[in-house]
Amino acid sequence: MARTAALGAAAGGALLWGTIGPVATVFTSAELLPAGGARLAVGALALLALGGRPFTRAWRRRDVGPLLAGAVGLAGFQLSYFAAVDAGGVAVSTAVAIGLAPVLTGLWTAVVDRRLPSRWWLAGTALAAVGLCLLTVAGGEAVTLSPTGLALSTVAAACFSTQALAIRRLTDHHRGTTALAALFTAAALLLLPVTLATATPTLLSGRAAVSLLYLGIVAAGIAYWLFAHGIRHLGAPAAVTVSLLEPAGAAAIAAVVLHEPVGPAQWLGIALVCGAIVLTALSDFHPNAVPDHLDDDRHPAHSGSAVRRGRRGLS
């Protein structure tokens, strides 16, 4: 039951991310980057309101690596993905940035934890990648292979993978809301110079302000809280694979709510991604579920082999 709930949480977070595109249409292309930085700041406040206590918890040396890496991953994804879209277009940038992230996460986990992925995770990730390609390439946008765009998309994928791995390590010892509030606060501070340099007064007026609140509270704070719950119980590789539901959800929302045309190939892509989620549910990358009510020194991850595992990877 806990695994099913975690799968539902990760899928719910991905579907909330899928609403970012339609909501972000209120911003001009020049406003997207500062909106991304402001979204992280609003998300940090939302996570604090949800019960995150990053300023009252005892952060230890083992937390420094994951915290810094996760903050860089959060901030770096904002910068690299938007730059990739500008250089190489939405279709290829999305396919590479989002599609490559599960592969990188799985490879890192296999190397660091010395545990090969299950055949179900491999099958689910491969199926999701095919579905993602159908979604993005069959969308009608002209496909251009820009070396700069491909490089930036790969960086974005690495950033997304890094933040997922960091959340996995931090939630070994802290509540999800506490870990995420710290990550979002640090990432927002990293992006603050860029946000201030590119922000315009229109970001705080009318529909733009309402959209920022939604993107920060719902599509960042709540979505990442659900994503972290999925990571805690499924493991980072499986949860990141489930996150491929984001573009599928965005395409479905565009078809149903915005009445945008979605072709048969794209509907097939949506179906393949959904099927991949079922296969991913059968994977066993993360055998030990972690109780949600435990934190810090009372956490079972502080004892025995769990501590030794926590010292690997990003720690």
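For clarity, every value in this text was computed on a predicted model and none was experimentally measured. (Residues numbered from 1 in each chain as written. Predicted model: local features only at pLDDT ≥ 70, side-chain atom pairs only at ≥ 80, totals over all residues. Heavy atoms only, no water.)

Student: Sorry, what's going on with the overall build of the protein here?
Tutor: Assigned secondary structure in the protein consists of 13 helices and zero strands. Order of helices (α) and strands (β) in the protein, N terminus to C terminus: α-α-α-α-α-α-α-α-α-α-α-α-α. Contacts in the protein between residues at least 24 apart in sequence constitute 90% of all its contacts with a sequence separation of at least 6. For the protein, the exposed surface amounts to about 13600 Å²; the carbon and sulfur share of it is 71%. (Helix = DSSP H or I, 4+ residues; strand = E, 2+ residues; numbered from the N terminus. Contact = heavy atoms within 4.5 Å. Areas by Shrake-Rupley, 256 points an atom, 1.4 Å probe, with all protein chains shown as cover.)

Student: Sorry, what's going on with the packing of helix α1 (residues 2–17) against helix α9 (residues 206–234) here?
Tutor: The angle between the axes and the distance between the axes are what describe a pair of packed helices. One can describe the packing of α1 onto α9 by two numbers: an axis separation of 7 Å at closest approach and a directional angle of 150°. Comparing their axes, α9 and α1 come out roughly antiparallel. When the axes of α1 and α9 are compared, the crossing they make is left-handed. Side by side, α1 and α9 meet where Arg 3, Ala 5, Ala 6, Leu 7, Ala 9, Ala 10, Gly 12, Gly 13, Leu 16 and Trp 17 of the first sit next to Tyr 214, Val 218, Ala 219, Ile 222, Ala 223, Tyr 224, Leu 226, Phe 227, His 229, Gly 230, His 233 and Leu 234 of the second. Grouping the constituent residues of the contact of α1 with α9 by class yields 16 nonpolar, five polar and one charged. (Axes fitted to C-alpha atoms, helices over the stretch in contact; angles between N-to-C directions. Parallel < 35°, antiparallel > 145°, perpendicular 65-115°, else oblique. Left-handed = near helix turned anticlockwise from the far one by under 90°. Nonpolar A, V, L, I, M, F, W, Y, C, P; charged D, E, K, R; others polar.)

Student: Explain the nonpolar core here, please?
Tutor: Grouped burial of nonpolar side chains is what soluble globular proteins tend to show. If you look at the biggest cluster of nonpolar residues, it comprises 53 residues, and the most contacted ones within it are Ile 167, Phe 184, Tyr 224 and Phe 227. The element contributing the most residues to this core is helix α8 (residues 176–198), with nine residues. If we ignore the near neighbours within four places in the chain, the residues touching Phe 227 are Ala 9, Trp 17, Phe 160, Ala 164, Ile 167, Ala 239, Val 240 and Ser 243. (Core = buried A, V, L, I, M, F, W, Y, C linked by side-chain atoms within 4.5 Å. Buried < 20%, exposed > 50% of the residue type's maximum accessible area, 1.4 Å probe, protein only.)

Student: So what exactly am I meant to see when it comes to the packing of aromatic side chains here?
Tutor: The geometry of two aromatic rings is summed up by the distance between their centres and the angle between their planes. If you walk through the whole model with that rule in mind, you get nine aromatic pairs. Considering the side-chain rings of Trp 17 and Tyr 224, the 5.0 Å spacing of their centres and the 65° angle between planes classify their relative orientation as edge-to-face. Residue Trp 17 is found in helix α1, and its partner Tyr 224 is found in helix α9; the two are separated by 207 residues along the sequence. Residue classification places Trp 17 among the buried residues on the basis of a relative accessible area of 4%. (Phe/Tyr/Trp six-rings, centres within 6.5 Å; stacked < 30°, edge-to-face > 60°.)

Student: Any chance you could explain a nonpolar patch on the surface here in plain terms?
Tutor: A surface patch of nonpolar side chains, about 430 Å² in accessible area, is lined by Leu 50, Leu 213, Ile 217, Ile 222 and Trp 225. As for its placement among the helices and strands, Ile 217 is situated in helix α9. Given a relative accessible area of 37%, Ile 217 falls into the partly exposed group. (Patch = residues over 30% accessible without salt bridge, like charges linked within 9 Å, V, L, I, M, F, W, Y side chains within 5 Å. Salt bridge = Lys/Arg side-chain N within 4 Å of Asp/Glu carboxyl O.)

Student: Can you help me understand the environment of Gly 106 in this one?
Tutor: Position of Gly 106 relative to the elements: it lies in helix α5 (residues 90–113). In the structure, Gly 106 is positioned 10 residues away from Leu 116 in sequence and 8.7 Å away in space, judged by C-alpha atoms.

Student: Explain the pattern of salt bridges to me, please; I cannot follow it from the model alone.
Tutor: Think of it this way: side chains of opposite charge can pair up when their charged atoms draw near. Counted by the stated rule, this structure contains two salt bridges. Ionic pairing is found between Asp 63 and Arg 62, a salt bridge with its closest N-O pair at 3.5 Å. A relative accessible area of 2% places Asp 63 in the buried class. Judged by its relative accessible area of 23%, Arg 62 falls in the partly exposed class.

Student: Looking at this structure, how should I read helix α11 (residues 245–256)?
Tutor: Three or four residues apart is the spacing at which side chains of an α-helix point the same way, because the helix has 3.6 residues per turn. Between its terminal C-alpha atoms α11 stretches 16 Å, which fits the 16 Å expected from 12 residues at 1.5 Å a residue. Along α11, the residues classified as buried are Leu 245, Pro 247, Ala 248, Gly 249, Ala 251, Ala 254 and Ala 255. (Expected span 1.5 Å × (residues − 1).)

Student: Would you explain the packing of helix α3 (residues 32–49) against α9 in this entry?
Tutor: Between α3 and α9, the least distance of the axes is 7 Å, while the angle of their chain directions is 60°. By the angle between their directions, the pair α3 and α9 is classed as oblique. Crossing geometry of α3 relative to α9 is assigned as right-handed. Counted together, Ala 35, Ala 38, Arg 39, Val 42, Gly 43, Ala 46 and Leu 47 of α3 and Leu 212, Leu 213, Leu 215, Gly 216, Ile 217, Ala 219, Ala 220, Gly 221, Tyr 224 and Trp 225 of α9 form the full contact between these two elements. Residues belonging to the contact of α3 with α9 are distributed by class as follows: 13 nonpolar, three polar and one charged.

Student: I keep staring at α9 and nothing clicks. Help me out?
Tutor: Under the 1.5 Å per step criterion, the end-to-end length of α9 is 40 Å for 29 residues, consistent within 8% with the ideal 42 Å. Of all the bends in α9, the greatest, near 30°, is centred on Leu 215. (Bend = angle between axes of the 7 residues up to and from the residue.)

Student: Please explain the environment of Leu 190 as it appears in this structure.
Tutor: Within the secondary structure, Leu 190 sits in helix α8. With relative accessibility at 47%, the residue Leu 190 sits in the partly exposed group. Leu 190 sits 153 residues away from Gly 37 along the chain, and the two C-alpha atoms are 9.0 Å apart. Leave out the neighbours within four places in its chain, and Leu 190 touches Ala 71, Val 72 and Ala 75.

Student: When you look at the environment of Ala 10 in this model, what are you seeing that I'm missing?
Tutor: Position of Ala 10 relative to the elements: it lies in helix α1. Ala 10 sits in the buried class, given a relative accessible area of 1%. Along the chain, Ala 10 and Leu 234 lie 224 residues apart, while their C-alpha atoms are 9.0 Å from each other.

Remember that the coordinates give geometry; whether it matters functionally is a separate question.
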